[in-house]
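# Close look at the chain arrangement
What follows is each chain in one-letter form.
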Amino acid sequence: MTTLMAILIGTFYAAAIYMMLRRSVVKLVIGLILLSNAANLLIFTVAGINRGIPPLIPEGQLVIDGPAADPLAQAVILTSIVIGFGVLAFAVVLIHRACEVVQTDDMNEMKGTD
Amino acid sequence: MDLEVLVALPIIIPLLIGALSLTLLNNHSAQRWLGAIGTAILLISAVWLLVHTLEVGIQVLEVGSWPAPFGIVLVADMLGAIMVLLASTLGFITALYSLKTIRKRFERFGYYPLLHLLLAGVNGAFLTGDIFNLYVWFEVLLVASFALLILGGERAQMEGAIKYVTLNLLSSALFLTAIGLTYGLVGTLNMADIAVKLASLEDQKMVTVIGSLFLIAFAIKAAAFPLFFWLPASYHTPQVAVSAIFAGLLTKVGVYALYRVFTLIFTADTGFTHEVLLWMGVFTMLTGVLGAAAQFEIRRILSFHSISQIGYMMLGLALFTPLALIGGIFYIVHHSVVKSSLFLTSGLIYRLGGSFELKKLGGLYRKHPGLAILFFVPALSLAGVPPLSGFFAKFILIKAGVEVGSWWAIGIALLVGLLTLYSMIKIWNEAFWKATPEPNPPVPAPTRNGLIYFSIGVLAVLTVALGVFAQPMYQIADIAAQQLLNPAVYIEAVLGRTSP
Amino acid sequence: MKPRRFNMRSLILNTGSSLLLPLLVLFSLFLLFRGHDEPGGGFIGGLVAAAAVALKLFSEDYKAARDMLRVHPLQLVGIGLVLATIASFPPLLVGDSFFTAQWWTLDLPVFGEFKLSTPLLFDIGVYLGVIGTVLTVVFTLAEAEHS
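This structure is a prediction, so every number in the text was calculated from the model and none was measured. (Residues numbered from 1 in each chain as written. Chains lettered and ligands numbered in written order. Predicted model: local features only at pLDDT ≥ 70, side-chain atom pairs only at ≥ 80, totals over all residues. Heavy atoms only, no water.)

### Some points on the overall build of chain C
Helices and strands together make up the secondary structure of chain C, namely six helices and two strands. Helices and strands in chain C line up, N terminus first, as α-α-α-α-α-β-β-α. Counting all 147 residues of chain C, 41% fall into the buried class. In chain C, of all internal contacts separated by at least 6 residues, the share reaching a separation of at least 24 is 60%. A total of about 8500 Å² of accessible surface is found on chain C, and carbon and sulfur atoms cover 68% of it. (Helix = DSSP H or I, 4+ residues; strand = E, 2+ residues; numbered from the N terminus. Buried < 20%, exposed > 50% of the residue type's maximum accessible area, 1.4 Å probe, protein only. Contact = heavy atoms within 4.5 Å. Areas by Shrake-Rupley, 256 points an atom, 1.4 Å probe, with all protein chains shown as cover.)

### Focus on the packing of aromatic side chains
Residue and element names in this part refer to chain B. Counted according to the given criterion, the structure contains 32 aromatic pairs over all chains. Their ring planes at 70 degrees and their centres at 5.8 Å tell us that Phe175 and Phe214 sit as a pair that is edge-to-face. Taken together, the residues Phe175 in helix H7 (residues 155–186) and Phe214 in helix H9 (residues 204–222) connect sequence positions 39 residues apart. With a relative accessible area of 0%, Phe175 lands in the buried category. Aromatic side chains Tyr365 and Trp428 sit 5.9 Å apart centroid to centroid with 65 degrees between the ring planes, which places their arrangement in the edge-to-face category. Placement of Tyr365 in helix H15 (residues 364–367) and of Trp428 in helix H18 (residues 407–433) is noted, with a sequence separation of 63 residues between them. On the basis of relative accessible area, Tyr365 is assigned to the partly exposed category, the value being 37%. Here Trp428 falls in the buried class, since its relative accessible area comes to 15%. (Phe/Tyr/Trp six-rings, centres within 6.5 Å; stacked < 30°, edge-to-face > 60°.)

### Some words on the interface of chain B and chain A
At the junction of the two partners, chain B supplies 36 residues and chain A supplies 36 residues. Across the interface of chain B and chain A, roughly 3000 Å² is buried in total on both sides, 79% from carbon and sulfur atoms. Per-residue buried area on chain B facing chain A is highest for Met158, Ile162 and Tyr183 of chain B; these three make up 20% of the total on that side. Our count for the chain B to chain A interface comes out at zero salt bridges. Between chain B and chain A we count two residue pairs in polar contact (both at pLDDT 80 or more) in total. Put simply, the parts of the chain that give the side of chain B that touches chain A at least two residues each are helix H6 (131–149), H7 and helix H10 (230–234) of chain B. Tallying contributions element by element places H7 of chain B first for the side of chain B that touches chain A, with 19 residues. Broken down by class, the residue content of the side of chain B that touches chain A amounts to 22 nonpolar, eight polar and six charged. (Buried area = accessible area lost by both parts, 1.4 Å probe. Salt bridge = Lys/Arg side-chain N within 4 Å of Asp/Glu carboxyl O. Polar contact = N/O pair within 3.5 Å; in protein donor to acceptor, adjacent residues only side chain to side chain. Nonpolar A, V, L, I, M, F, W, Y, C, P; charged D, E, K, R; others polar.)

Given below as structure tokens:
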């Protein structure tokens, strides 16, 4: 399973970089989305894939019974999904505005500041 | 009340002030007052934090009473406290400068809340002791900087912003990847705990790989060679006050992260990582200054110099001796003050001369001698002329280089100093000394610029003071460098036990 | 390029949304107050509430959604952030470390036991912040379509 995930994550990274190298701004955004998802999947995988129970301590007990899933990795992924969502929402607005102002979605045309 | 809370204040104050001024979005005068007073309070708390850290050493605040390494900790060591004070000073100065220069249109868009949010993010990054929390603060300051960058909505800003956003998001993703791999290796996110656990790991090759990933991620943020391309594409486009705080702070956050990670966590294979850092630093210095030589727009020249100066800071870390780290920290402080001051001056040049283009400017020395002095002092300081702060920063670094015998790096550092002087003289000659060219660029109606002069003046005085009173600054940097070179102190402060 | 007109008026959506709206808002509040001990909380509640306003935007128009909110969404973010920040102060008064959760139990005559806490305050802050952030983005894009 981990090997499979590793291949999947590698594909994600590769696809993300490929999309970001395209000239279209829209594909750039798709690349960024893929990239943040790839990183999230990576954390998910390296934290260990097991059939643990949800990491909730039952009422009246002090420790959990049985092997549980790692809650920290989930918290980290959740946080980075939220952050990624916010940042990407901003990026979409930005690119929409940029396309309006520059009148093109071709990255090759956007070299006024180089 | 326990004084531990001091560590959280530099984050909480700008957050609270920013939130308050966001609720008062349509009340312009309230926003301005909050901007000035809020950053002043922040400055006071930062001074207090530095003094307190000097007295009692590294301070640790366990947020929410969750003990390290399980909860998030905020840690103020000497380096962190210096950086926070630096950020707060620049925040205060920029807020003062903004009072006169930021138009109502931008205030309605949320300029002041964004400025406070940026400061909160920067201070958070300087104070956190948790690697994932560092990522969160990076994103906070990034989002604020994205929005600040496009205030105005001109074509150049949009084009610059797309490059800035893309490369910074790429760097964030790499950072997150590196965090994920670290977590997979050691199962903890607390930086002190990571340092302990990585050191006891058998497979040190993987550690070096992760270290390199962190290096790339932070080098993008710090605008180091060969990853700096977003900086010259974007830094000259926003409002001048924004440029000033970006140039003074944002790349420094990247440099700070490099300093933190490569003194605390990845110190096992310094033969590899610090060698890479050294060459990155050398080429950063060289490419930055050569890029600047080809430019004729003041803000572009200054942006390229930002890059070249980052090289010196990386050099300090790469040489990795006590003296080199002192020089590096000195350099960070010096450069933030000077570069912000120069960017703010460029704004005043625009207000008084009508242009940023050197070819269209001229004769400013006759018309505005005060402005000429305000430019001249930080410009010479940037180039490293004694007795200003830049001289001591460069001198310490070069002396450290001599001790190690890294002659190539020293030679290039000296050459870059000369070329920096060339660039500064170029601006001086073109904008101030030569006769006013015909036809004159349209000069905006004269306005009262007292507050602007005052804010730039404070920074100019600061760079002189850092040079004249270099000894106390040296001592503070010395304490910071000792703490960096002896991570066991940091680890013990956070985890409450000695490292193996 | 000519911007495409934004038009999704339909009777079904209109009627349906006027029924759904109050339900969605109630549900978001339910999620908000259920949080902490059980699944739910400010973030997900805020998303549901923002979805309610977005539904209004789709079924009627930009102005109606804007009027429904009364304040600028960024101001909501501000209020939310203020609440969340304030939630970090009470522990200092009782001598705990910064941001330590404080719980107070109130006995109300009708509702019975009511737990008041700083995490709840924080969650309400997050709730408002999320509504504000999401709607800022949605409104910005809608405005671009509108003009």
